[in-house]
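Here's the letter readout for the chains.
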Amino acid sequence: MAEEKKAAVAKKVAKAPKLADPIAASIDPASQEMIQRSHDLGIETAFDRAVNLKPCNIGIQGICCKNCAMGPCRLPLPKDYNETTDIETRKGICGASANTIAARNFIRMIAAGTSAHSDHGRTVAEVFLAAAKKETKGYEIKDKIKLLEIAPHLNVATTVEVDGKTLDRDIDEIAVEVGEKALAEWGKPEGELLYLKRAPEARYEIWKKNGVLPRNIDREVVEVMHRTCIGVDQDYKNLIKQGTRASLADGWGGSMLATDLQDVLFGTPYPLASEGNMGVMKKDHVNVVIHGHEPVLSEMIVAVSQKKEMLDYPKSKGAKGIQLSGICCTANEILQRHGVPLCGTFLQQELAIITGACDAMVVDVQCIFQNLANVAKCFHTKLITTHPIAKMEQENVLHIEFNEHYALEDAERILKLAIDNFQNRSDNVQIPQHKSPLVAGFSVESIAYHLGGTFRGTFYTLNDNIINGRIRGIGGVVGCNNPRSRHNENHIAIVKELIKNDVIVLTTGCNAIACAMEGLLRPESAQVFCGPGLAEVCETVGIPPVLHLGSCVDNSRILLAATEVVKAGGLGNDLCDLPAAGSAPEWMSEKAIAIGHYFVTSGVYTLFGGTLPVVGAPVFQKYLFEELEKVYGGRWDLEADPIKHARKMIAHIDKKRKALGIDKARDRVLMDMTDRQALDA
Ligand code: SF4
Ligand code: MSK
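Please read all numbers here as calculations on a predicted model, not as lab measurements.

Calculation criteria
- Numbering of residues begins from 1 in every chain and follows the order in which that chain's sequence is written.
- For this description, chains carry letters from A and ligands carry numbers from 1, given in the order in which they are written.
- Reporting of local features is limited, given that this is a predicted model, to residues whose pLDDT is at least 70; pairs of side-chain atoms are given and counted only at 80 or more, and all residues count toward the totals for whole chains, interfaces and linings.
- To obtain the side-chain values, all non-hydrogen atoms of the structure were used and water was disregarded.
- A helix here means a DSSP run of H or I that spans at least four residues, while a strand means a run of E at least two residues long, and both kinds are numbered starting from the N terminus.
- Throughout, the radius of gyration refers to the C-alpha atoms, and the reference size of a globule is 2.2 Å times the residue count to the power 0.38.
- Each residue is assigned to one of three classes by its accessible area relative to the maximum for its type, calculated with a 1.4 Å probe on protein chains only: buried under 20%, partly exposed between the two thresholds, exposed over 50%.
- Any two residues having at least one pair of non-hydrogen atoms within 4.5 Å are treated as being in contact.
- Only the protein chains shown count as cover for residues, with accessible areas throughout obtained via the Shrake-Rupley method and a probe of 1.4 Å.
- Only four residue types enter the tally: Lys and Arg on the positive side, Asp and Glu on the negative side, with His and both chain ends excluded.
- Throughout, a charge is located at the NZ atom of Lys, the CZ atom of Arg, the CG atom of Asp or the CD atom of Glu.
- The rule for a residue being near a molecule or strand is that one of its heavy atoms must lie within 4 Å of it.
- In this classification, Asp, Glu, Lys and Arg are treated as charged, Ala, Val, Leu, Ile, Met, Phe, Trp, Tyr, Cys and Pro as nonpolar, and every other residue, Gly included, as polar.
- Here a patch means residues that are over 30% exposed by relative accessible area and free of salt bridges, tied together within 9 Å if like-charged and within 5 Å if nonpolar (Val, Leu, Ile, Met, Phe, Trp, Tyr).
- The term salt bridge refers to a pairing of a side-chain nitrogen on Lys or Arg with a carboxyl oxygen on Asp or Glu at a separation within 4 Å.
- By nonpolar core we mean a set of buried residues, namely Ala, Val, Leu, Ile, Met, Phe, Trp, Tyr and Cys, connected to one another through side-chain atoms within 4.5 Å.
- Geometry is summarised by axes, namely lines fitted to C-alpha atoms with helices restricted to the contacting stretch, and by angles between N-to-C directions that run from 0 to 180 degrees.
- Roughly parallel means an angle under 35 degrees; roughly antiparallel, over 145; roughly perpendicular, 65 to 115; everything else is oblique.
- Rotating anticlockwise by less than a right angle from the far helix to the near helix defines a left-handed crossing, while the corresponding clockwise rotation defines a right-handed one.
- Buried and open spaces are told apart on a 1 Å grid over the protein atoms alone, a cavity being a set of points where a 1.4 Å probe fits but cannot get out and a pocket being an open set with protein on both sides within 12 Å along at least five of seven lines. Residues with an atom within 4 Å of a point are the lining residues.
- Grid points are joined across faces, edges and corners, and a volume is the space filled by probe spheres set on the points.
- DSSP-based pairing: two strands are paired if at least 2 bridges between them are found.
- Pairing of aromatic rings covers Phe, Tyr and the six-membered ring of Trp, with a centre-to-centre limit of 6.5 Å; geometry is then stacked below 30 degrees between planes, edge-to-face above 60, and tilted otherwise.
- Each ring is checked for a lysine NZ or an arginine CZ that lies within 6 Å of its centre and within 35 degrees of its normal; such an atom marks a charge sitting over the ring.

Caption draft 1: Looking closely at the overall build of the protein chain. Broken down by element type, the protein chain carries 28 helices and 18 strands. Over its C-alpha trace the protein chain gives a radius of gyration of 25 Å, about what one expects of a compact globule, namely 26 Å for 681 residues. Its C-alpha atoms put the protein chain at 90 × 70 × 55 Å along the principal axes. Split into buried and exposed, the 681 residues of the protein chain put 60% on the buried side. A separation threshold of at least 6 residues defines the contact pool for the protein chain, and within that pool the share at least 24 residues apart is 75%. In the form shown here, the protein chain has an accessible surface area of approximately 26,500 Å², with 53% of it arising from carbon and sulfur atoms. Side chains of the protein chain give 78 positive and 85 negative charges; the mean places of these two sets differ by 5 Å.

See below:
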């Protein structure tokens, strides 16, 4: 009997889930400390689940189809793979080839990513229109200058002719029309997306020639779903063409509209100082962690938290005040506009609760772990869902549905609940002491201002420094964390390698948070980590070598910043001419695929880390990695090793410098427009 018991215990132990090694799981000491604490408290996190749950080897290669009930059909890559016979020998029940299956899966990911960003944009457009019509309390048009800037791109007139005189049009009237025109972009019956013409003319012509101009945002997503149904589109090139249309509807449509309308409603970001990492939480304050993507509620929470009664109320409960902080892209939104500190990246969401100091975590949409509810159960933390499309099944989750018409009241209710909950906090609190100072709040407008000054807000200075070789090129490094690789390790290694080689980095999303935690968003970091050219420019202009441009939808700022560089002259006529490259080192979300594809089809060489769900279909992969460049001037690539990854980006940048005739580093020369035009010729 004793032997039987022993055997049963041994079996149980053998089956017990393994725990993640905190040091191997993250490079961040604060995260390591909290992973260790989670083990001490017997609480499981994504880091542990990633150790125990291995990815499916077929799915990860993109060659599993479950688009009908004859399947799922799994098409492993044979050892004796032959490109010529593959289409006849490897097929699903319906005959779908590995290329068709991988392409269908790929563009469904694009459709999902586009939907996420664009539905976010739609919500903002609806709130914008309600605010423009003065139907809401709490929202108002804050940045009238930006409103006047975007109006012409939506075919909204800013002046009116009266008795032969040109007069300024009423600003409220402009706002209403901008809101209506913007909202129509999701479902107008004819035409094409209006913002496409903001791209350089040469780029627009490429899209037009290839028949990929998106018609409206919703339609492109619907068409992806139709074409990927069993028995519809079975040509990977034609499938990817629709994927292109959908992704452009994201980057130059839903995401760009979201960014612009948020700027007009909540203010265009300008540089400000703050801090990042879990050490921003305060033991003697009510800690409210805001997580997700849409800033419509979080803006109200920030506003309400500054009201006199809200400053006093925590004191009546024994707290010194309210400490707001953020996770993921809601964090980036409220950091960029208000300096609210960053609590952490996507992979730190469970860890923030494990501090024991989180009195409320308020979530909206996207990137929210359902396991937050299980972690919150172990503490006093109130987990509050706020969006009608994003609820959780666990009973301990509170749902307080946010309504833009009662925005301030909703935000007040949420904050009061958090403050009341402070008294339920136990003494078992452990806040990691790690945090880094940072400078964030960059936008196309503020970069131009920084580089050119008030009277000459331009990108010429940047172009001059690229042409004279002080800045080698531009790296857009963005995207998520993925527990399949060590948290933040690849993000940081790639960014450091780029700036060491004089490549200025534009960042968004969780890469931006990772860089903040590592201290790379401080101007002083230029002297420590940058090559001499970039260090000199950063010191002269007073900017960090890594510019935080915002959230995932704000990747549209990178597109527009690159467009401004083209316009400033001397670096070619199109985005694909620029010495620039894109990267998502630790991607995980379908949104990253949508972003990656609109960067590629906007002309950018784009590298992903980890793996891509196309490697099981080599012909399709080759099409993305080689053939697309002939059509769009940009292409996909994959490199898991961070240093090789950064060097591939640098090699591409050097290739473009050579093509532009600026490959020889030169002494700084002041160039006028004629000089630049001569370079373009
Ligand atoms: Fe299999 Fe074809 Fe059905 Fe996909 S669509 S599951 S490949 S039969
Ligand atoms: S939050 S999409 S994990 S960047 Fe935008 Fe971070 Fe990726 Fe979510």
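That covers the picture; the talk isn't over yet.
Caption draft 2: Summary view of the site of ligand 1. Near ligand 1, the surroundings consist of 13 residues, among which C65, C68, C73, C94 and R104 are the closest. Grouping the amino acids of the shell around ligand 1 by side-chain chemistry returns nine nonpolar, three polar and one charged.

Caption draft 3: Geometry of a nonpolar patch on the surface. Residues M70, I93 and I230 make up a contiguous nonpolar surface patch of roughly 290 Å² in combined accessible area. Topologically, I230 is positioned in the loop between α10 (217-227) and α11 (236-266).

Caption draft 4: Quick look at the nonpolar core. Among the nonpolar cores identified, the biggest contains 173 residues, and Y139, V178, W252, F620 and W636 are the most heavily contacted of them. Broken down by element, this core gets its largest block of residues, 15 residues, from helix α6 (residues 98-132). Of all hydrophobic cores here, the second largest spans 37 residues; its members include F47, M281, L347 and A376.

Caption draft 5: Quick peek at the packing of helix α14 (residues 328-338) against helix α21 (residues 509-517). The contact between α14 and α21 brings their axes to 9 Å, and the two run at 70°. In terms of their interaxial angle, α14 and α21 are classed as roughly perpendicular. The element α14 and its partner α21 pack so that their crossing is left-handed. For the pair α14 and α21, the contacting residues are C328, C329 and N332 in the first and G509, C510 and I513 in the second.

Caption draft 6: Geometry of the layout of surface pockets. There is about 1,100 Å³ of room inside the largest pocket. Residue lining of the largest pocket: 35 residues in total, with P55, G59, I60, M109 and M588 positioned closest to the centre. The set of elements that each furnish at least two residues to the lining of the largest pocket consists of α4 (46-52) and α6. Within the lining of the largest pocket, the residues separate by chemical class into 18 nonpolar, 11 polar and six charged. Its volume calculated, the second largest pocket comes out at about 540 Å³. Counting residues per element, the ones that place at least two in the lining of the second largest pocket are α7 (144-150), α11, α18 (444-452) and α24 (555-568). Tallying contributions element by element places α24 first for the lining of the second largest pocket, with seven residues. When its residues are assigned to classes, the lining of the second largest pocket shows 10 nonpolar, seven polar and 10 charged.

Caption draft 7: Structural view of empty space enclosed by the protein. One pass over the full model with this rule turns up five cavities of 30 Å³ or more. What lines the largest cavity is a set of 27 residues, among which I474, L506, I558, A562 and A580 lie closest to the centre. Among the elements of the structure, α18, β13 (473-477), β14 (503-507), α24 and β16 (580-584) are those that each provide at least two residues to the lining of the largest cavity. Top contributing element to the lining of the largest cavity by residue count: α24, with five residues. Grouping the constituent residues of the lining of the largest cavity by class yields 22 nonpolar, five polar and no charged. For the second largest cavity, the calculated volume is near 150 Å³. Lining the second largest cavity are 20 residues, and of these V478, G479, N555, A584 and I595 lie nearest its centre. Among the elements of the structure, α24, β16, α25 (590-600) and β17 (605-608) are those that each provide at least two residues to the lining of the second largest cavity. Among the elements that line the lining of the second largest cavity, the one with the most residues is α25, at five residues. For the lining of the second largest cavity, the residue count by class is nine nonpolar, 10 polar and one charged.

Caption draft 8: Fine view of the sheet that holds β16. Pairing is parallel across the open sheet formed by six strands, whose spatial order is β15-β14-β13-β16-β17-β18. In the strand order of this sheet, the two ends are held by β15 (546-548) and β18 (636-638), each with one partner. Neighbour-to-neighbour, the strand axes of this sheet turn through a mean angle of 25°, independent of strand direction. Where β14 lies against β15, three bridges are found, and the strand directions are parallel. Bridge pairing in β15 places T507 opposite H548. Contacting β13, β14, β16, β17 and β18, helix α27 (residues 642-660) runs over the sheet at an angle of about 160° to β16.

Caption draft 9: Local environment of the side chain of Q262. Looking at the element boundaries, Q262 is found in helix α11. Here Q262 is in contact with H120, V124, G267, P295, E333, R337 and V553, once residues within four sequence places are set aside.

Caption draft 10: Highlighting the packing of helix α13 (residues 308-316) against helix α17 (residues 407-421). Running from amino to carboxyl end, α13 crosses α17 at an angle of 20°, the nearest separation of the two axes being 9 Å. Classed by the angle they form, the pair α13 and α17 counts as roughly parallel. Remark: the crossing between α13 and α17 carries right-handed chirality. Within the contact between the two elements, α13 uses E309, M310, Y313 and P314 and α17 uses E412, L415, K416, I419 and D420. Of the residues in the contact of α13 with α17, the class split is five nonpolar, no polar and four charged.

Caption draft 11: Structural detail: the site of ligand 2. Around ligand 2, the surrounding shell consists of H293, C328, C329, F346, C367, G479, C480, G509, C510, C552, M588 and K591. Counting only elements with at least two residues in the shell around ligand 2, the list comes to α14 and α21. Along the lines of polarity and charge, the residues of the shell around ligand 2 split into eight nonpolar, three polar and one charged.

Caption draft 12: The packing of aromatic side chains, seen in detail. By the definition in use, this model includes 10 aromatic pairs. Relative to W636, the ring of F106 has its centre 5.4 Å away and its plane inclined at 75°; by these criteria the two rings are edge-to-face. Here F106, found in helix α6, pairs with W636, found in strand β18; they are 530 residues apart in sequence, far enough to count as distant. Look at F106 and you get buried, because its relative accessible area is 1%. Ring pairs connect the aromatic residues F106, Y236, W587, F608, F620, Y623 and W636, which therefore count as one cluster. When the ring centre of Y195 is taken as reference, the NZ or CZ atom of R198 above it lies at 4.5 Å. Residue placement shows K416 over the ring face of Y313; its charged tip is 5.9 Å from the ring centre.

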